[in-house]
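Here is what each chain is made of, one letter per residue.
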Amino acid sequence: MNRFKITELGKNAFWLRGTERDHLVRVLRLTPGDKVLGYDNSGMEYTGVILKVEDKSVTCRIISSDHPDVEAHTSVFIVAGLSKGEKMEWVIQKGTELGMEGLLPLRTKRSVMQLEGNKAQDRVARWQKIAAEASKQSHRVKEPRIGEVCDWEDLQEKLPMGTQWLIPYEEETTQRLTSVLNTFDPELPIAILIGPEGGFDAAEVVRAREQLGAQSVSLGPRILRTETAALAALTLVLGYFGDIG
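Structure report, in brief. (Residues numbered from 1 in each chain as written. Predicted model: local features only at pLDDT ≥ 70, side-chain atom pairs only at ≥ 80, totals over all residues. Heavy atoms only, no water.)

**Focus on the layout of surface pockets**
So, point 1. In this model, the largest pocket occupies a volume close to 320 Å³.
So, point 2. What lines the largest pocket is a set of 21 residues, and nearest its centre among them are Pro168, Glu170, Ile223, Leu224 and Ala229.
So, point 3. When grouped by side-chain class, the residues that make up the lining of the largest pocket number 10 nonpolar, six polar and five charged.
So, point 4. Here the second largest pocket is characterised by a volume of approximately 250 Å³. (1 Å grid on protein atoms, 1.4 Å probe; cavity = no way out; pocket = protein on both sides within 12 Å on 5 of 7 lines; lining within 4 Å. Points joined across faces, edges and corners; volume = space filled by probe spheres on them. Nonpolar A, V, L, I, M, F, W, Y, C, P; charged D, E, K, R; others polar.)

Structure representation (structure tokens):
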């Protein structure tokens, strides 16, 4: 069955509007009597049958509901230094498929791309749309939240209290990721700080350690691109706590 993000949820029905309604009608050409799946970012999934197709909405009667066990049990966020090209989009799409909880775009000293004002808002809206589409494709029931572009001083207030911080760093030679994860509580959120092209400046690594209590870790002897490092670290963390593999 085709999956849709629910616009409005009632006791016995849900409604699809906007782009969800248009996709159902104009692209898929579904009609009354067809069955669809809907999710509302609460973790629930609803099977519905189309009752009525109108100009601005589609009404679906709920015939069953479920709470599928598809979301990661450990909340893992990526805090990604702004990078150019399609790198951020790639990380958001694949990170969503893997199970990340959310992503925060971070301004850093070595960020080539700079986003401010309306341009930043437009880009975040585009990134959120990518996360939404990837959520549908991967059959998730919660979309990762893409936060506003932020600075170092904003980080602590952007993520939940008790968040545990990791910073993969190419000059870290003694502390491996798995040894640090052994000290982490899987019931608390984990944030992975990923540098842009060229990595973090040494002063930023010191700041992460002092301001956030971040643990610097090695991902191995090879230098990884920013998008590779983000997805490798996310996969390793989720795999360590049993959410992958």
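**Quick look at the pattern of salt bridges**
If charged atoms from side chains of opposite charge come close, those side chains can pair.
So, point 1. Counting across every chain of the model gives 15 salt bridges.
So, point 2. In this structure, Glu20 and Lys136 form a salt bridge, with 2.6 Å as the shortest nitrogen-oxygen distance. Placement of Glu20 in helix H1 (residues 18-27) and of Lys136 in helix H3 (residues 117-137) is noted, with a sequence separation of 116 residues between them.
So, point 3. The partner of Arg107 in a salt bridge is Glu116, and the shortest N-O contact between them spans 3.2 Å.
So, point 4. Overall, the relative accessible area of 15% leaves Arg107 in the buried class.
So, point 5. The structure contains a network of salt bridges with shared partners spanning Arg107, Glu116 and Asp151. (Salt bridge = Lys/Arg side-chain N within 4 Å of Asp/Glu carboxyl O. Helix = DSSP H or I, 4+ residues; strand = E, 2+ residues; numbered from the N terminus. Buried < 20%, exposed > 50% of the residue type's maximum accessible area, 1.4 Å probe, protein only.)

**Some points on the environment of Gly147**
So, point 1. Structurally, Gly147 can be placed in the loop between strand S9 (145-146) and helix H4 (155-158).
So, point 2. Residue class for Gly147 comes out buried when judged on its relative accessible area of 1%.
So, point 3. C-alpha of Gly147 to C-alpha of Leu159: the two residues are 12 residues apart in sequence and 9.7 Å apart in space.
So, point 4. Other than its neighbours up to four places away in sequence, Gly147 contacts Leu103, Leu104, Pro105 and Val124. (Contact = heavy atoms within 4.5 Å.)

**Some points on the side chain of Glu227**
So, point 1. Looking at the element boundaries, Glu227 is found in helix H7 (residues 226-240).
So, point 2. One buried charge, Glu227, has no salt-bridge partner; the nearest side chain with opposite charge is Arg225, at 4.9 Å.
So, point 3. Once residues within four sequence positions are removed from consideration, Glu227 is found in contact with Lys87, Trp90 and Val91. (Lys, Arg positive; Asp, Glu negative; His and termini not counted.)

**Considering the environment of Phe77**
So, point 1. With respect to the element layout, Phe77 can be found in strand S7 (residues 76-81).
So, point 2. Note: C-alpha distance between Phe77 and Ile146 (69 residues apart in sequence) is 9.8 Å.
So, point 3. Ignoring sequence-local partners within four residues, the contact set of Phe77 consists of Glu101, Gly102, Leu159, Pro160, Pro189, Ile190, Ala191 and Ile192.

**Here we look at the nonpolar core**
So, point 1. Within the largest apolar cluster, 34 residues are counted, with the highest numbers of intra-cluster contacts made by Ile78, Ile92, Leu103, Trp127, Ile146, Leu166 and Val237.
So, point 2. Broken down by element, this core gets its largest block of residues, six residues, from H7.
So, point 3. Not counting residues within four places of it along the chain, the set of residues in contact with Leu166 comprises Leu177, Val180, Leu181, Phe184, Ile190, Ala191, Ile192, Leu193, Gln215, Val217 and Val237.
So, point 4. One finds Val79, Cys150, Trp152 and Leu212 within the second-largest nonpolar core, a separate group that totals 18 residues. (Core = buried A, V, L, I, M, F, W, Y, C linked by side-chain atoms within 4.5 Å.)

**Some details on the sheet that holds strand S5 (residues 45-53)**
So, point 1. Strand order across the open sheet formed by six strands is S1-S4-S5-S6-S3-S2, with mixed pairing between neighbours. The open sheet has two free edges, formed respectively by strand S1 (3-5) and strand S2 (8-9), since each of these has just one partner strand.
So, point 2. Bridge count for S2 against strand S3 (residues 13-17) is two bridges, and the pairing is antiparallel. From the neighbouring strand, Leu9 faces S3, where its bridge partner is Phe14.
So, point 3. Of the strands in this sheet, S1, S3, strand S4 (35-39), S5 and strand S6 (57-66) are in contact with H1, which crosses S3 at around 90°. (Pairing = 2+ DSSP bridges. Axes fitted to C-alpha atoms, helices over the stretch in contact; angles between N-to-C directions.)

**A look at helix H6 (residues 202-212)**
So, point 1. Within H6 the residues assigned to the buried category are Glu204, Val205, Ala208 and Leu212. Taken end-on, H6 shows its buried residues confined to a sector of 105°, consistent with a single buried face. Every exposed residue of H6 that faces more than 90 degrees away from the buried side is listed here: Ala203 and Glu210.
So, point 2. Its side-chain oxygen placed 2.9 Å from the backbone nitrogen of Ala203, Asp201 serves as the N-cap of H6.
So, point 3. Immediately downstream of H6, the backbone of Gly213 shows phi near 70°, a positive value. (Arc of directions from axis to C-beta. Polar contact = N/O pair within 3.5 Å; in protein donor to acceptor, adjacent residues only side chain to side chain.)

**Re empty space enclosed by the protein**
So, point 1. For the structure on display, the rule yields one cavity of 30 Å³ or more.
So, point 2. Along its surface, the largest cavity is lined by Ala80, Gly81, Ser83, Lys87, Met88, Val91, Ile194, Thr226, Glu227 and Ala230.
So, point 3. Looking at the lining of the largest cavity residue by residue, the classes come out as five nonpolar, three polar and two charged.

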